[in-house]
Amino acid sequence: GRVPGLYAGVVRVGRLVWHEGIGAADISVPQVSPTVDDQYLVASNSKTFTAVLVMQLRDEGKLSLDDTLDMHVPEVTHPGVTIRSALTHASGMQREPVGDVWETLKNPDRAELVAGFNEAERVHAPHHLWHYSNLVYSMLGELVARIDGREWYDSLKARILDPLEMRRTTVGPVGSAVTGYY
């Protein structure tokens, strides 16, 4: 009743064996349900991808979960933000990047992200409370880019998406995309 649109499928041995779309693929055309060809934004699922990338780098010996962000991103001035606390939303850092990201829907570039992180507020002591932070996960993406030597998406594509043959998982819509959902 309250879900605008949903598409689900079951894949077995590389073949789609069941699928169904309900609701609306585009909220301005409510009578058209999502199909197998519609694409949804990954949104906060990108945090799972980022965490996997960080853990791969840890497994390769390129970082320790107890490293602080400034060990890999030297411009960081907030002391004691460990990779572990960042991954678990326990760093105490504010939720969003500095500025009006949600009002403008414009994310900072990499340089603006790091500069803004240094201006950001620490709203809790580390490991004191769980506090969801898009800002900190963006910094983990910057950490991945610096350690892996390529842009976050390029690292994601090479390390996760291509090996899993996830050809339509992108940072933005490609072709037919579900609209009106964020």
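Residue numbers here run from 1 along each chain, matching the order of that chain's written sequence. Owing to the predicted nature of the model, reporting of local features is limited to residues with pLDDT of at least 70; listing and counting of side-chain atom pairs is limited to 80 or more, with chain, interface and lining totals taken over all residues. Side-chain numbers here rest on the full set of heavy atoms in the structure, without hydrogens or water.

Visitor: Can you explain the overall build of the protein? Please cite residues and give values.
Guide: The way it works is that DSSP assigns letters per residue, a run of H or I at least four long becomes a helix, a run of E at least two long becomes a strand, and they are numbered from the N terminus. When helices and strands are tallied, the protein shows seven helices and two strands. Its helices and strands taken in sequence order, the protein reads β-β-α-α-α-α-α-α-α from the N to the C terminus. For the C-alpha atoms alone, the extent of the protein along its principal axes is close to 50 × 35 × 30 Å. Counting over 182 residues, the protein shows a buried share of 36%. The criterion used for residue contact is that any of the two residues' heavy atoms lie within 4.5 Å. Excluding contacts between residues fewer than 6 apart, the proportion of contacts in the protein whose partners are at least 24 apart in sequence is 62%. The method behind every accessible area is Shrake-Rupley, applied with a 1.4 Å probe, and residues are considered shielded solely by the protein chains displayed. Total accessible area on the protein is roughly 10,700 Å²; 56% of this is exposed by carbon and sulfur atoms. Between the centroid of the 17 positive side chains of the protein and the centroid of its 23 negative side chains there is a distance of 7 Å. Here's how the labels work: a residue is buried when its accessible area is under 20% of the maximum for its type, exposed when over 50%, partly exposed in between, all with a 1.4 Å probe on protein chains only. His residues and chain termini do not enter the charge count, which takes Lys and Arg as positive and Asp and Glu as negative. By convention, the point assigned to a charge is CZ for Arg, NZ for Lys, CD for Glu and CG for Asp.

Visitor: Residue-level account of the packing of helix α6 (residues 134-148) against helix α7 (residues 152-161), with values.
Guide: Two numbers describe how α6 lies on α7: the axes approach to 8 Å, and their chain directions differ by 70°. As the angle between them shows, α6 and α7 are arranged roughly perpendicular. Listed contacts from α7 to G141, V144, A145 and D148 of α6 are W152, S155 and R159. Classification convention: Asp, Glu, Lys, Arg as charged; Ala, Val, Leu, Ile, Met, Phe, Trp, Tyr, Cys, Pro as nonpolar; all other residues, Gly among them, as polar. Taken together, the residues that form the contact of α6 with α7 break down as three nonpolar, two polar and two charged. Between the N-to-C directions of two axes lies an angle of 0 to 180 degrees, each axis being a line fitted to C-alpha atoms and, for a helix, fitted only over the stretch in contact. Every angle not falling under 35 degrees, over 145, or within 65 to 115 is termed oblique; those three ranges are roughly parallel, roughly antiparallel and roughly perpendicular.

Visitor: Any chance you could break down the packing of helix α1 (residues 45-59) against α6 for me, citing the residues and the numbers?
Guide: At a closest axis distance of 10 Å, the pairing of α1 and α6 adopts a crossing angle of 40°. When the axes of α1 and α6 are compared, the pair comes out oblique. Judged by the sense of rotation from one axis to the other, the crossing of α1 with α6 is left-handed. Two secondary-structure elements touch here, α1 through K47, T50, A51, L53, V54 and L57 and α6 through N134, Y137, L140, G141, L143, V144, I147 and D148. We call a crossing left-handed when the near helix sits turned anticlockwise from the far one by less than a right angle, and right-handed when that turn is clockwise.

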